[in-house]
Amino acid sequence: MPLRIPDRLPAIDILKQENIFVMDDTRAHTQDIRPLRIAILNLMPLKITTETDLIRLLSNTPLQMDITFMKLKSHTPKNTPIEHMMMFYKDFEELRPCKFDGMIITGAPVEQLDYEEVTYWDEISEIFEWSKSHVTSTLYICWAAQAGLYYHYGIPKYPLEKKMFGIFRQRMLNNQLPIFRGFDDEFFMPHSRHTELRREDILKNESLQLIVESQESGVSMVMAREGREFYVTGHLEYAPNTLDNEYRRDLGKRDDVGLPVNYYRDDDPSKEPVVRWRAHANLMFSNWINYYVYQATPYNIDEIK
C-alpha cells in the first residue's frame with residue numbers, strides 16, 4: 001500500500017524521484033474504498049490451471065477484489081468440464097452492461113491461425129472494443145497481446161521457425177514507470193509461442209510504448225493509453241512446472257519445439273526447473289493492480305469511460 005504522509009513534506013519529492021509511490025493527506029482524505037472488480041477472460045485450454053495461476057498473483061495484495069470469469073458464447077472449451085464453466089463463468093453478453101476496474105485476457109492455442117480465421121474472432125473483437133470504455137486497465141497476455149495489438153493498432157505477427165520456448169532475460173526501457181517499481185535492473189520471463197511481434201512495428205506507432213524487450217525473445221511488454229492497456233507476450237503467471245508439462249506433451253510430436261531455454265537445472269530435463277521469474281511476476285501484478293487499477297479507477301464504477 002502507498003505511504004501516507006503530510007502535504008508538502010520535503011520527502012515527497014525525494015521519494016518520487018526514487019520512483020517510490022507516496023500519497024499526501026489531501027489525496028488520502030478524498031479516497032473512498034470499495035472492492036475492485038476484475039474480469040478474467042480465460043481462453044487457455046486448461047481453465048482451472050490458468051485460474052489458479054492468475055488468482056495466486058492477484059491475491060498478493062492487501063486490496064479486496066471481486067473476480068468475475070468471462071467466457072465466449074461462440075466457443076465451447078474441450079478440456080474443462082461443462083459444469084465448471086456453468087458454475088463459475090458468465091457469457092460476455094451477460095456482462096456487457098457491466099464495468100470493471102481491471103481485466104485480464106489470456107493467451108489461447110490459436111496463434112498459428114490468421115486472426116480472422118479464429119472461430120471466435122468476431123466476438124473477441126467486440127470484447128476488445130468494449131474494454132476501451134468499460135475497463136480502467138486491461139492486461140493482455142501472450143496470444144491476447146498479439147491479437148489486441150492487431151485489433152487496436154494494426155500490429156502484425158510473424159511466424160517463428162522454431163518455438164520461442166523457455167525463460168529469457170528481459171530489459172526495461174523505462175524503469176521509472178510504476179509498473180516496474182521494485183524491479184531489479186533485469187528480470188526473467190517465461191515465453192511459449194510460435195509467433196512474434198517486431199520492435200520496428202511497435203516503435204513506428206506513436207500510440208504504443210515498448211517497455212520491455214529481450215535480446216533473445218524480442219518484444220515482451222508494450223503499454224498504451226498511459227497504462228489503460230498492457231500487452232505481455234510472455235507468461236509471468238506460469239507455475240514452475242508449466243513449461244515442463246508443455247515440453248513433455250510435445251516431445252516427439254513437433255519438430256519445431258526444443259528443450260526450454262534456461263529452465264531445467266543444468267539444462268537437464270531429468271532435473272527440476274529453476275524458478276527465476278516468480279518474484280517479478282508478483283511485483284508486476286501487484287504494481288498493475290495498485291497503480292493502474294486501484295489508483296486510476298473512479299470510486300463510482302459507472303464513471304469508467
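Just so it is clear, the model here is predicted, and its values are computed rather than measured.

**Q** I'm lost on the overall build of the protein chain in this one. Help?
**A** The helix and strand tally for the protein chain stands at ten helices and twelve strands. Of all 305 residues assigned to the protein chain, the portion counted as buried reaches 55%. Considering only contacts in the protein chain between residues 6 or more positions apart, those separated by 24 or more positions represent 72%. Taken as a whole, the protein chain presents about 14900 Å² of accessible surface, with 49% of it coming from carbon and sulfur.

**Q** Teacher, can you tell me more about the sheet that holds strand S4 (residues 65-71) here?
**A** Hydrogen bonding along the main chain pairs the strands of a sheet, whether they run parallel or antiparallel. Spatial strand order, S5-S4-S3-S6-S7-S12-S11-S10-S8-S9: ten strands in an open sheet with mixed pairing. Since the sheet does not close on itself, it has two edges, and those belong to strand S5 (89-91) and strand S9 (186-196), each with one partner. The average angle at which neighbouring strand axes cross in this sheet is 30 degrees, direction not considered. Where S4 and S5 come together, three bridges link them in parallel fashion. Note that in S5 the partner of Lys71 across the bridge is Asp91. Helix H10 (residues 278-294) contacts strand S3 (36-41), S4, strand S6 (100-105), strand S7 (135-141), S9, strand S11 (218-224) and strand S12 (229-232) of the sheet and is inclined by roughly 155 degrees relative to S7.

**Q** How should I be thinking about the pattern of salt bridges in this particular structure?
**A** It is possible for side chains of opposite charge to pair when their charged atoms get near one another. One pass over the structure, following the stated rule, counts 17 salt bridges. The salt bridge partner of Asp53 is Arg56, with a shortest N-O separation of 3.2 Å. In this pair, Asp53 and Arg56 both sit in helix H3 (residues 47-58), three residues apart, roughly one turn of the helix. Note that Lys71 and Asp91 form a salt bridge whose closest N and O atoms lie 2.6 Å from each other. Note that Lys71 is positioned in strand S4 and Asp91 in strand S5, a separation of 20 residues in sequence. What makes Lys71 partly exposed here is its relative accessible area of 21%.

**Q** Explain unusual backbone geometry here, please?
**A** Excluding glycine, most residues fall at negative phi; most peptide bonds, likewise, are trans. Phi is positive for Arg225, close to 55 degrees, though the residue is something other than glycine. Relative to the assigned elements, Arg225 resides in the loop between S11 and S12. Look at Glu226: it is not a glycine, yet its phi comes out positive at around 55 degrees. By the secondary structure assignment, Glu226 is in the loop between S11 and S12.

**Q** Quick question: what am I supposed to make of H3 here?
**A** Side chains of residues three or four places apart in an α-helix project in the same direction, reflecting 3.6 residues per turn. The terminal C-alpha atoms of H3, which comprises twelve residues, lie 16 Å apart, in line with the 16 Å expected from a rise of 1.5 Å per residue. Among all positions of H3, only Lys47, Thr50, Glu51, Asp53, Leu54, Leu57 and Leu58 are buried. Buried positions in H3, seen along its axis, are confined to an arc of 165 degrees and lie on one side of it.

**Q** Before we go on, may I ask you to explain the packing of aromatic side chains in this structure?
**A** The description of an aromatic ring pair rests on the distance of the ring centres and on the angle between the ring planes. The full count for this structure, using the stated rule, is 18 aromatic pairs. With 5.4 Å between their ring centres and 80 degrees between their planes, Phe92 and Trp130 make a pair best called edge-to-face. Residue Phe92 is found in helix H5 (residues 92-95), and its partner Trp130 is found in helix H6 (residues 121-134); the two are separated by 38 residues along the sequence. Each member of the pair, Phe92 as well as Trp130, is classed as buried. Arranged with centres 6.2 Å apart and planes meeting at 65 degrees, the rings of Phe100 and Trp130 form a pair that is edge-to-face.

**Q** Just checking my understanding: could you explain the nonpolar core for this structure?
**A** The tendency in soluble globular proteins is for nonpolar side chains to be buried as a group. By size, the foremost hydrophobic cluster in this structure holds 49 residues, and its most contacted members are Ile179, Met221 and Trp288. Examining the composition of this core, we find that nine residues originate from one element, H10, more than from any other. Grouped together as the second largest cluster of nonpolar side chains are 37 residues, Leu43, Ile105, Ala147 and Val219 included.

**Q** Hey, could you run me through the packing of H3 against H10 in this one?
**A** Any two packed helices are characterised by how steeply their axes cross, that is the angle between the axes, and by the distance between the axes. The N-to-C vectors of H3 and H10 enclose an angle of 70 degrees; their axes lie 8 Å apart at closest approach. Here H10 runs roughly perpendicular to H3, going by the angle between their axes. Contacts between H3 and H10 involve Leu54, Arg56, Leu57 and Leu58 from the former and Ala281, Asn282, Phe285, Trp288 and Ile289 from the latter.

About the cut-offs
Residues numbered from 1 in each chain as written. Predicted model: local features only at pLDDT ≥ 70, side-chain atom pairs only at ≥ 80, totals over all residues. Heavy atoms only, no water. Helix = DSSP H or I, 4+ residues; strand = E, 2+ residues; numbered from the N terminus. Buried < 20%, exposed > 50% of the residue type's maximum accessible area, 1.4 Å probe, protein only. Contact = heavy atoms within 4.5 Å. Areas by Shrake-Rupley, 256 points an atom, 1.4 Å probe, with all protein chains shown as cover. Pairing = 2+ DSSP bridges. Axes fitted to C-alpha atoms, helices over the stretch in contact; angles between N-to-C directions. Salt bridge = Lys/Arg side-chain N within 4 Å of Asp/Glu carboxyl O. Expected span 1.5 Å × (residues − 1). Arc of directions from axis to C-beta. Phe/Tyr/Trp six-rings, centres within 6.5 Å; stacked < 30°, edge-to-face > 60°. Core = buried A, V, L, I, M, F, W, Y, C linked by side-chain atoms within 4.5 Å. Parallel < 35°, antiparallel > 145°, perpendicular 65-115°, else oblique.

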